[in-house]
Amino acid sequence: MRILIVLVFPCYMATLGRGAPLPGRGALVEDPQSQEMVKMSRDLIEKILQAIPDTHTSCIHSQALQLNSTENAKLAMIAKTIGMPSAPVLKAVSESYTLETCLKHMSEGLQLHRALLSSVTPRLENKDKVISLQADIRDLVIQVNKLLKKVQAEAVVQPSPTPVALSLPGDYEIQVAAHLTLVQLQAFGQDVVRCLRSLDQSNEEETES
């Protein structure tokens, strides 16, 4: 069985550099409304990260698929066979990687994982926690997109959707797809936390004090 997901971005592995300055962040740091969005976003990503272990336990019944296992790297071949896309890059904002690009990739990566979860949910035995996780991701995307609009100089025309097909012929492939989505979401979410922390003025104040 092949499941079609429509996405709107190229895919890359998620990594995030640290310590670099963040050009263009002043408008978000100095604007109270934007800071409220940043705080809401941080709360939501923390909620998502806290929910991932229980969600994984509830829907993955194979003992061979553990969330924080070093064995996950060995699933690269089956991930390729299934057609699992990786997340967009999140890295330190710089002259060549703007805050707008960072927020755009953040939104795209979250939408990717929500789409992947949506694709496997109908074929999972226990769906409640997965559905709840999708709802939190949706809420976070809304907040991130609001921040993105704050930093965009002008309205941006979205590129045409790029279709991505997952090949899930049996229960094992479904389990692997759900497992790898949660593993990748956890890593991507940790990068999101670091990026949002750099935009939170209250975090700066705590550091200075």
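What you are looking at is a predicted structure, and each value in this text was computed from that prediction instead of being measured.

1. Brief notes about the overall build of the protein chain
Here's step 1: A tally of regular secondary structure across the protein chain gives 7 helices and 2 strands.
Here's step 2: The N-to-C order of helical and strand elements in the protein chain reads β-α-α-α-α-α-β-α-α.
Here's step 3: Expressed as a percentage of its 209 residues, the buried residues of the protein chain come to 48%.
Here's step 4: In the protein chain, the share of contacts with a sequence separation of at least 24, taken over all contacts with a separation of at least 6, comes to 87%.
Here's step 5: Of the roughly 10,700 Å² of accessible surface on the protein chain, 53% is carried by carbon and sulfur atoms.

2. Some words on the nonpolar core
Here's step 1: If you look at the biggest cluster of nonpolar residues, it comprises 55 residues, and the most contacted ones within it are Leu-103 and Met-106.
Here's step 2: Of all the secondary-structure elements, those providing two or more residues to this core are helix 2 (32-59), helix 3 (76-82), helix 4 (99-120), helix 5 (128-151) and helix 6 (171-197).
Here's step 3: Per-element tally for this core: the top contributor is helix 6, with 13 residues.
Here's step 4: With residues near it in sequence (within four places) discarded, Leu-103 still touches Leu-28, Val-144, Leu-147, Leu-148, Val-151 and Leu-199.

3. A look at the packing of helix 4 against helix 6
Here's step 1: Axis separation between helix 4 and helix 6 bottoms out at 10 Å; the angle between their running directions is 160°. It follows from the interaxial angle that helix 4 and helix 6 lie roughly antiparallel. Both helix 4 and helix 6 take part in a crossing whose hand is left-handed. Mapping the contact onto sequence places Cys-102, His-105, Met-106, Gly-109, Leu-110, Leu-112, His-113, Leu-116, Leu-117 and Val-120 in helix 4 and Ile-174, Ala-177, Ala-178, Thr-181, Leu-182, Gln-184, Leu-185, Phe-188, Val-192, Cys-195 and Leu-196 in helix 6.
Here's step 2: Of the residues that constitute the contact of helix 4 with helix 6, the class distribution is 16 nonpolar, 5 polar and no charged.

4. Things to note about helix 2
Here's step 1: The end-to-end C-alpha distance of helix 2 is 40 Å, a good match for the 40 Å that 28 residues give at a rise of 1.5 Å each.
Here's step 2: Where helix 2 bends most, the angle comes to about 35°, and this point is Ile-52, followed within four residues by the proline Pro-53.

5. Here we look at the pattern of salt bridges
Pairs can form between side chains of opposite charge whenever their charged atoms are close.
Here's step 1: Within the structure shown, the criterion is met by 7 salt bridges.
Here's step 2: Where Lys-39 meets Asp-200, a salt bridge forms, and the shortest distance between an N and an O atom there is 3.7 Å. A residue pair is termed long-range when its members are at least 10 positions apart, and Lys-39 in helix 2 and Asp-200 in the loop between helix 6 and helix 7 (201-208) qualify at 161 residues.
Here's step 3: With relative accessibility at 32%, the residue Lys-39 sits in the partly exposed group.
Here's step 4: In this structure, the salt-bridge partner of Lys-47 is Asp-136, at a minimum N-O distance of 3.3 Å.

Basis of the calculations
Residues numbered from 1 in each chain as written. Predicted model: local features only at pLDDT ≥ 70, side-chain atom pairs only at ≥ 80, totals over all residues. Heavy atoms only, no water. Helix = DSSP H or I, 4+ residues; strand = E, 2+ residues; numbered from the N terminus. Buried < 20%, exposed > 50% of the residue type's maximum accessible area, 1.4 Å probe, protein only. Contact = heavy atoms within 4.5 Å. Areas by Shrake-Rupley, 256 points an atom, 1.4 Å probe, with all protein chains shown as cover. Core = buried A, V, L, I, M, F, W, Y, C linked by side-chain atoms within 4.5 Å. Axes fitted to C-alpha atoms, helices over the stretch in contact; angles between N-to-C directions. Parallel < 35°, antiparallel > 145°, perpendicular 65-115°, else oblique. Left-handed = near helix turned anticlockwise from the far one by under 90°. Nonpolar A, V, L, I, M, F, W, Y, C, P; charged D, E, K, R; others polar. Expected span 1.5 Å × (residues − 1). Bend = angle between axes of the 7 residues up to and from the residue. Salt bridge = Lys/Arg side-chain N within 4 Å of Asp/Glu carboxyl O.

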